[in-house]
Amino acid sequence: MEIKIVTVSPEKMKPKPVDESKLGFGKIFTDHIFTVKYHDERGWYDPLIEPYRSLSLEPTALCLHYGQEIFEGMKAYRGSNNDIFLFRPMENIKRMNTSAERLCMPRIDPQLFLEALKKLVFIEKDWVPRSKGASLYIRPVMIATEAALGLHHSSEYLFFIVVGPVGAYYPQGFSPTNIYVVEEYVRAVRGGIGYCKAGGNYAASLLASKQAIEKGYTQVLWLDAIERKYVEEVGTSNIFFLIGDELITPPLTGSILPGVTRDSIIQMAKSWGVPVSERLISIDEVLEASARGTLKEVFASGTAAIVSPVGQIVYRGKTIVVNEGRIGKLTEELYNEILQIQYGEKDDPFGWRIKVTG
Ligand SMILES: *Cc1c(COP(=O)(O)O)cnc(C)c1O
């Protein structure tokens, strides 16, 4: 399928942000949007890059009622010689299709998806920030568009991609977070949709985050929904613990989002000879390790920040201070290595980088 391209006329182009230190996250979008439609009888049709616009939906569009909505989050990075790179985009494409299957939505052809990403990013290449740490955020989304109120999986869908410049996550350097272990609420349960990037998961998480932030914490640490004992994720990021020499992250049991950053960290740490375990880790084990002095580092992982050091964990009124509230050595090494691969400043031993050439 050929992607049709209708570019915005020069006089309608938006002004590009001048001060990249003020970009923030998700506030500015570029001049174009990619869209492709789906109908049960036609499959995907009319792939199009067109001037950025709002969407028009029937008030009865199924996505607005029963939550058939999935998305992805990834970035494009500008290297020092002005090359533009994507980081492991096929992983996001695969994950979007995994989410689609679970929510009875149609798979999207990986080649069409990749082509759309590359073409859209290439057209918007002047929007990719120049400062280190800043990037072009990419948001692919699929929604159910059939107009009907009976509960059923939609026969029509819209897939679209919007992109926009975002600032460095750590403009003033690392700031270790203070996280609250929530017991009253859960994010996802095994058998549910926790492993999908589906809007419903985030709606379910808002109240706990809001309450934690009101109490002065940066984020919540989620425990498993059944025993409320095993650590799952922190906010919308995966989590890692360095206990002794073992780097531990919870296994992908179905309630955890399989992060691309998580997988990259696992592969990279293993290649450095760090013993990595994907295993259940209870909050009690974390407390005991802290008491014994073997809890060395804790960090969250995700596309937004790469890694985000955890300085404090509060559980049932007890505060665990990690590494005296400072960023750990392994955390920092992983951060630097991944950042340098993403920006094309280092060899790419795993073949994670894709150059966008139009
Ligand atoms: C997106 C996301 C992550 C991180 O995934 P990456 O692919 O590394 O960005 C982790 N947990 C949740 C709940 C997420 O939504």
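Structure first, text after, so check above.
Residues numbered from 1 in each chain as written. Predicted model: local features only at pLDDT ≥ 70, side-chain atom pairs only at ≥ 80, totals over all residues. Heavy atoms only, no water.

### Considering a nonpolar patch on the surface
Together, L55, L57 and L64 make up an exposed nonpolar region whose accessible area comes to about 240 Å². Residue placement: L57 occurs in the loop between β3 (43-51) and α1 (63-66). Assessed through its relative accessible area of 34%, L57 is described here as partly exposed. (Patch = residues over 30% accessible without salt bridge, like charges linked within 9 Å, V, L, I, M, F, W, Y side chains within 5 Å. Areas by Shrake-Rupley, 256 points an atom, 1.4 Å probe, with all protein chains shown as cover. Salt bridge = Lys/Arg side-chain N within 4 Å of Asp/Glu carboxyl O. Helix = DSSP H or I, 4+ residues; strand = E, 2+ residues; numbered from the N terminus. Buried < 20%, exposed > 50% of the residue type's maximum accessible area, 1.4 Å probe, protein only.)

### Considerations on the packing of helix α2 (residues 89-102) against helix α3 (residues 110-123)
The geometry of a pair of packed helices is captured by two quantities: the angle between their axes and the separation between those axes. Here α2 crosses α3 at 130°, and the two axes come no closer than 10 Å. As the angle between them shows, α2 and α3 are arranged oblique. For the element pair α2 and α3, the recorded crossing hand is right-handed. Of the residues in α3, those in contact with P89, M90, I93, M96 and N97 of α2 are P110, F113, L114 and L117. Partitioning the contact of α2 with α3 into residue classes produces eight nonpolar, one polar and no charged. (Axes fitted to C-alpha atoms, helices over the stretch in contact; angles between N-to-C directions. Parallel < 35°, antiparallel > 145°, perpendicular 65-115°, else oblique. Left-handed = near helix turned anticlockwise from the far one by under 90°. Contact = heavy atoms within 4.5 Å. Nonpolar A, V, L, I, M, F, W, Y, C, P; charged D, E, K, R; others polar.)

### Observations concerning the site of the ligand
Residues in contact with the ligand amount to 14 residues; listed here are only the nearest, K197, Y202, E233, T261 and T303. A distance of 2.7 Å is found between an oxygen atom of the ligand and a side-chain nitrogen or oxygen belonging to K197. In the environment of the ligand, an oxygen atom lies 2.4 Å from a nitrogen or oxygen atom belonging to the side chain of Y202. Here the ligand loses 95% of its free accessible area of 380 Å² to cover by the protein chains. Partitioned by chemical class, the residues of the shell around the ligand number three nonpolar, seven polar and four charged. (Near = heavy atom within 4 Å. Polar contact = N/O pair within 3.5 Å; in protein donor to acceptor, adjacent residues only side chain to side chain.)

### Description of the packing of aromatic side chains
Throughout the structure, instances matching the rule amount to 14 aromatic pairs. Here F34 and F159 contribute two aromatic rings whose centre-to-centre distance is 6.2 Å and whose plane-to-plane angle is 75°, an arrangement assigned as edge-to-face. Highlighted residues: F34 in strand β2 (residues 32-39) and F159 in strand β8 (residues 156-166), separated in sequence by 125 residues. Relative accessible area serves as the criterion here: at 1%, F34 is assigned to the buried category. We classify F159 as buried; its relative accessible area is 0%. Residues F350 and W352 carry aromatic rings whose centres are separated by 4.3 Å and whose planes lie at 15° to one another, so their mutual orientation is stacked. For F350, a relative accessible area of 29% translates into the label partly exposed. These aromatic residues form a ring-pair network of at least three members: F34, Y38, W44, F113, Y157 and F159. Here the basic side chain of K125 rests over the ring of F122, its NZ or CZ set 4.4 Å away from the ring centre. (Phe/Tyr/Trp six-rings, centres within 6.5 Å; stacked < 30°, edge-to-face > 60°. Lys NZ or Arg CZ within 6 Å of the ring centre and 35° of its normal.)

Purely geometric numbers; function is a separate question.
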